[in-house]
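Results of the structural survey
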Amino acid sequence: MGFKKALEESGEVQISTSDPDSRQLITRNNITEVAYNVQATVDSKYNLAIDFKVTNQNDSKAMGNMVRRAKAILGKRDFTILYDKGYHTGTEFAYADKQGIEVMVAIPEVASHAPDIAFDVANFTYDKGQDVYTCPAGATLISNGRWYLKKHGKTTNRMKHYKTASCKACAMFESCTKNKAGRLIERTEHAEVIEANKQRIELNKEIYRKRQAIVEHPFGIIKRQWDFYYIMTKKTINHASADVGLIFTAFNLRRIFNIIDKNLLKEYLKVLALILLLQKAYFKHLSATIISYSMKAKVKTTDFLMRYNRLYLTPDKLDFNLF
């Protein structure tokens, strides 16, 4: 009863007694495990991990957040991110589109086919101007203009329904549908961004084929060569994130050592050390000035320093050309 009450009060649907933040997740081929999920963004040139996030959710709702983070880290949006079919979710496509980032997500297999695959939804033509579908037999399917709510897991999408009175008299009825009332097509509110992704995939198949070679590179080394098949530091998602962060840091350092000439790397590190020392000396001097000022102005010194620190140590303030 204690667990039931805790679930009701928290609004959660799961409780893990061994690790409070972990959840039962689909890992592969519908196999589930109580675990965390590691999202990572990897660059295509050097296979360096530029970002990671430990979550307790499946991939289906992860794309939008990782796209937003990549945009913030890189400070631009003229890049393309590749994902496998587990990320194929309408709401996430819509979020990426609002961010102005181009994504390419593998297209899942068709969940169900028409009795004759020639009448699958993919073979119906949509006219955006008229807001109608034309079926392979030439009939026009129209909508009453109303939006219907359809729940899929925790996600609720808006749908329009399209149908035609021509179905029952059509000679191809049995090839098209098993629904005695006639063919019904559902169009999600995110259909345009989903279709745009499909076009990008079809026009850039060679680019998409590189996905595994890019993102699986660090995971292959970390899991296969280094034997890190699981997170060792558990008990809350913050501890798990610290563990994964150390692993990715080690991976990136090894990659950098392999990519950059060791003598050139030494020069980079000397310049970096100099920059950090100058920053430390400057910030120490500034802190003393701020403390003196805050005492006169009766402002909390810690608040003042925290606000300044957020402004001072942002990547855009550093001159990376010094490297």
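Residues numbered from 1 in each chain as written. Predicted model: local features only at pLDDT ≥ 70, side-chain atom pairs only at ≥ 80, totals over all residues. Heavy atoms only, no water.

What follows deals with the overall build of the protein chain. Helices and strands together make up the secondary structure of the protein chain, namely 10 helices and 12 strands. Out of the 323 residues in the protein chain, the part that is buried amounts to 30%. Within the protein chain, residue pairs in contact and separated by at least 24 positions form 51% of the contacts whose partners lie at least 6 positions apart. For the protein chain, the accessible area works out to roughly 22100 Å², and carbon and sulfur atoms hold 55% of it. (Helix = DSSP H or I, 4+ residues; strand = E, 2+ residues; numbered from the N terminus. Buried < 20%, exposed > 50% of the residue type's maximum accessible area, 1.4 Å probe, protein only. Contact = heavy atoms within 4.5 Å. Areas by Shrake-Rupley, 256 points an atom, 1.4 Å probe, with all protein chains shown as cover.)

Let us look at the packing of helix 2 (residues 63-74) against helix 3 (residues 90-99). Look at helix 2 against helix 3: their axes get within 8 Å of each other, and the N-to-C directions meet at 15 degrees. With respect to their mutual orientation, helix 2 and helix 3 come out roughly parallel. Both helix 2 and helix 3 take part in a crossing whose hand is right-handed. Contacts between helix 2 and helix 3 involve Met63, Gly64, Asn65, Val67, Arg68 and Lys71 from the former and Glu92, Phe93, Tyr95, Ala96 and Gln99 from the latter. Residues that form the contact of helix 2 with helix 3 fall into these classes: 5 nonpolar, 3 polar and 3 charged. (Axes fitted to C-alpha atoms, helices over the stretch in contact; angles between N-to-C directions. Parallel < 35°, antiparallel > 145°, perpendicular 65-115°, else oblique. Left-handed = near helix turned anticlockwise from the far one by under 90°. Nonpolar A, V, L, I, M, F, W, Y, C, P; charged D, E, K, R; others polar.)

The next subject is the sheet that holds strand 11 (residues 155-162). The strand order 10-11-12 describes an open sheet built from 3 strands, whose pairing is antiparallel. Each of the sheet's edge strands pairs with one partner strand only, and the pair in question is strand 10 (148-152) and strand 12 (185-188). Strand-to-strand twist across the sheet, computed as the mean angle between neighbouring axes with direction ignored, equals 45 degrees. Across 5 bridges, strand 10 lies against strand 11 in antiparallel orientation. Bridge pairing in strand 11 places Lys150 opposite Asn157. (Pairing = 2+ DSSP bridges.)

What follows deals with the pattern of salt bridges. Counted by the stated rule, this structure contains 10 salt bridges. Where Glu186 meets Lys150, a salt bridge forms, and the shortest distance between an N and an O atom there is 2.7 Å. With a gap of 36 residues between them, Glu186 in strand 12 and Lys150 in strand 10 connect regions that are remote in the sequence. Across the pair Glu267 and Lys270 runs a salt bridge whose closest N-O atoms are separated by 3.6 Å. Here Glu267 and its partner Lys270 are both found in helix 9 (residues 262-297), 3 residues apart, which amounts to about one turn of the helix. Residue Glu267 is classed as partly exposed on the basis of its relative accessible area of 42%. Judged by its relative accessible area of 56%, Lys270 falls in the exposed class. (Salt bridge = Lys/Arg side-chain N within 4 Å of Asp/Glu carboxyl O.)

Summary statistics for the protein chain give a mean pLDDT of 84 and a share of 86% for residues scoring 70 or more. Throughout residues 298-302 the model reports pLDDT below 50, and contacts reaching past four residues in sequence, or to other chains, amount to 4 contacts. In the model, residues 307-323 has pLDDT below 50 throughout and makes 17 contacts with residues more than four positions away in sequence or in other chains. (pLDDT = per-residue confidence, 0-100.)

What follows concerns the packing of aromatic side chains. Counted under the stated rule, the structure contains 7 aromatic pairs. Ring geometry for Tyr126 and Tyr162: centres 6.3 Å apart, planes at 85 degrees, overall edge-to-face. Of this pair, Tyr126 sits in strand 7 (residues 125-127) while Tyr162 sits in strand 11, and the two are 36 residues apart along the sequence. For Tyr126, a relative accessible area of 23% translates into the label partly exposed. (Phe/Tyr/Trp six-rings, centres within 6.5 Å; stacked < 30°, edge-to-face > 60°.)

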